[in-house]
Amino acid sequence: MNKIEEDLFKGYRLKEDNLISFGFKKENNDYLLTKVLLDNAFILKIKITNDNISSKIIDNDFNEEYILYLNEGRIGDYALKVRDEYINVLLSFRDKCFEKTYKDLTQDIFKYIKDKYGDEIEYLWKDLPEDGAIRRKDNRKWYLAYLKVKANKLKILNSD
């Protein structure tokens, strides 16, 4: 997995059932997707094996792997176009075939509340250091409680 993929898929979990409808083909234990980029100048190949994503872009003119889009420093306009189209395909793929993990969703909620209302989670209990609450500033009443509960306590059968 390259740095771009790591950044885009961090905090997401694959929904394997959606891969075929997105256009992936299953071969043995792998899922493969081929997409044309920039009017057939490049071919993007994405491979998923056991939830691991790898991709490469092939330059059709030279039939070689194109890597300039991976450069983290300055890149030229053309490589930037390749990178942008590559990222757009990955974002579409992520939106249709992945779901955010709960931990990251929780952080998104906390960030939204802080940005919108200026309130932050308070960890109130020494014996429950991961549990907390968010309170209104004016009357100190809770409007969100964050409690870590094991799935078996909620009678959820298939839990991670």
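Presented here is an overview of the structure given in this document. (Residues numbered from 1 in each chain as written. Predicted model: local features only at pLDDT ≥ 70, side-chain atom pairs only at ≥ 80, totals over all residues. Heavy atoms only, no water.)

**A closer look at the pattern of salt bridges**
Counting across every chain of the model gives eleven salt bridges. The partner of R94 in a salt bridge is D95, and the shortest N-O contact between them spans 3.9 Å. Judged by relative accessible area, R94 falls into the buried class, the value being 14%. A relative accessible area of 55% places D95 in the exposed class. A salt bridge links R135 to E122; its shortest N-O distance comes to 2.8 Å. Pair noted here: R135 is in strand β8 (residues 132-135) and E122 is in the loop between α4 (102-117) and β8, with a separation of 13 residues, a long-range link. (Salt bridge = Lys/Arg side-chain N within 4 Å of Asp/Glu carboxyl O. Buried < 20%, exposed > 50% of the residue type's maximum accessible area, 1.4 Å probe, protein only. Helix = DSSP H or I, 4+ residues; strand = E, 2+ residues; numbered from the N terminus.)

**Remarks on the packing of aromatic side chains**
Think of a pair of aromatic rings as described by two things: how far the centres are apart, and how the planes are tilted against each other in angle. Under the defined criterion, the tally for this structure stands at 13 aromatic pairs. Summarising the aromatic geometry, the rings of F42 and Y66 are spaced 4.7 Å apart at their centres and angled 55° between planes, so their arrangement reads as tilted. With F42 in strand β4 (residues 42-49) and Y66 in strand β6 (residues 64-66), this pair connects stretches of sequence that are 24 residues apart. The same class applies to F42 and to Y66, which are both buried. (Phe/Tyr/Trp six-rings, centres within 6.5 Å; stacked < 30°, edge-to-face > 60°.)

**So, the environment of T49**
Mapped onto the fold, T49 is located in strand β4. Sequence spacing of T49 and D30 is 19 residues, and the spatial spacing of their C-alpha atoms is 4.9 Å. Discounting chain neighbours no more than four positions away, the residues touching T49 are N29 and D30. Within the structure, T49 has its side chain in polar contact with the side chain of D30 (distance 2.7 Å). (Contact = heavy atoms within 4.5 Å. Polar contact = N/O pair within 3.5 Å; in protein donor to acceptor, adjacent residues only side chain to side chain.)

**Things to note about the sheet that holds strand β3 (residues 30-37)**
Either a parallel or an antiparallel arrangement is found when strands of a sheet pair, and the pairing is made through backbone hydrogen bonds. Ordered in space as β2-β3-β4-β5-β6, the five strands form an open sheet in which the pairing is antiparallel. The sheet is open, and its two borders are formed by β2 (25-27) and β6, each paired with just one other strand. With strand direction ignored, the average angle separating the axes of adjacent strands in the sheet is 35°. Here β4 pairs with strand β5 (residues 52-59) via eight bridges, running antiparallel. Note on β5: the bridge partner recorded for K47 is S54. Relative to β4, helix α3 (residues 77-97) is tilted by about 40°, and along the sheet it contacts β3, β4, β5 and β6. (Pairing = 2+ DSSP bridges. Axes fitted to C-alpha atoms, helices over the stretch in contact; angles between N-to-C directions.)

**Notes on unusual backbone geometry**
Although it is not a glycine, N40 adopts a positive phi angle of roughly 70°. Residue N40 is classed as partly exposed on the basis of its relative accessible area of 45%. Even without a glycine there, the phi angle at D51 is positive, about 70°. Here D51 lies in the loop between β4 and β5.

**As for the environment of L105**
With respect to the helices and strands, the residue L105 is situated in helix α4. The class of L105 is partly exposed, set by a relative accessible area of 34%. C-alpha of L105 to C-alpha of G11: the two residues are 94 residues apart in sequence and 8.6 Å apart in space.

**Re the side chain of D119**
Locating D119 in the fold gives a position in the loop between α4 and β8. With near-sequence residues (within four places) excluded, D119 lies in contact with I113, K114, I134, R135, R136, K137 and Y143.

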